[in-house]
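Below are the chains, spelled out letter by letter.
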Amino acid sequence: MSKRMNVSPETKWHELPIGGEVLDAGNAADFKTGDWRSMKPVWHEDKCKHCMFCWAVCPDMSIEVKDGKMVGIDYDFCKGCGVCTAQCKFGALDFVIEE
Ligand code: SF4
Ligand code: SF4
């Protein structure tokens, strides 16, 4: 059963949930953490060698793969850390300001 609650301006302070607690297990998919991004990787398919180094280093599993090949970036969860762009040796990933 979910322990989440709706908080409104009428909610009393002593009714608020304790901060910093993960109330539901397995809830990461519910939060589009890509919203936090200020920079983003841009993939150039024509330069990609499908070496999958970017997939190996991405801390958010945001490199999308199909049949063993890179097919894109999941911007719903990419946090824009830039690790993938820093290690791509083929110029297939640029790192640009999020517009
Ligand atoms: S590291 Fe670069 S070349 Fe390798 S799969 Fe990722 S984008 Fe493609
Ligand atoms: S910028 Fe960071 S989070 Fe986004 S795809 Fe690259 S390694 Fe993953």
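Residues numbered from 1 in each chain as written. Chains lettered and ligands numbered in written order. Predicted model: local features only at pLDDT ≥ 70, side-chain atom pairs only at ≥ 80, totals over all residues. Heavy atoms only, no water.

A. Molecular detail of the site of ligand 1. Within the structure, ligand 1 sits among 13 residues, and Cys48, Cys51, Met52, Cys54 and Cys88 are positioned closest to it. Across the shell around ligand 1, the residue classes break down as 10 nonpolar, two polar and one charged. (Near = heavy atom within 4 Å. Nonpolar A, V, L, I, M, F, W, Y, C, P; charged D, E, K, R; others polar.)

B. Structural context of the environment of His44. Tracing the chain through its elements places His44 in the loop between β1 (39-43) and α1 (53-57). Given a relative accessible area of 23%, His44 falls into the partly exposed group. Considering only alpha carbons, one finds His44 and Asn27, 17 residues apart in sequence, at a separation of 31 Å. (Helix = DSSP H or I, 4+ residues; strand = E, 2+ residues; numbered from the N terminus. Buried < 20%, exposed > 50% of the residue type's maximum accessible area, 1.4 Å probe, protein only.)

C. Representation of the nonpolar core. Ranked by size, the top nonpolar core spans 13 residues in total, and within it Trp43, Cys48, Cys54, Ile63, Met70, Ile73 and Leu93 carry the most contacts. In contact with Leu93, other than residues within four places in its own chain, are Pro41, Val42, Trp43, Cys54, Met70, Ile73, Cys84, Thr85 and Cys88. (Core = buried A, V, L, I, M, F, W, Y, C linked by side-chain atoms within 4.5 Å. Contact = heavy atoms within 4.5 Å.)

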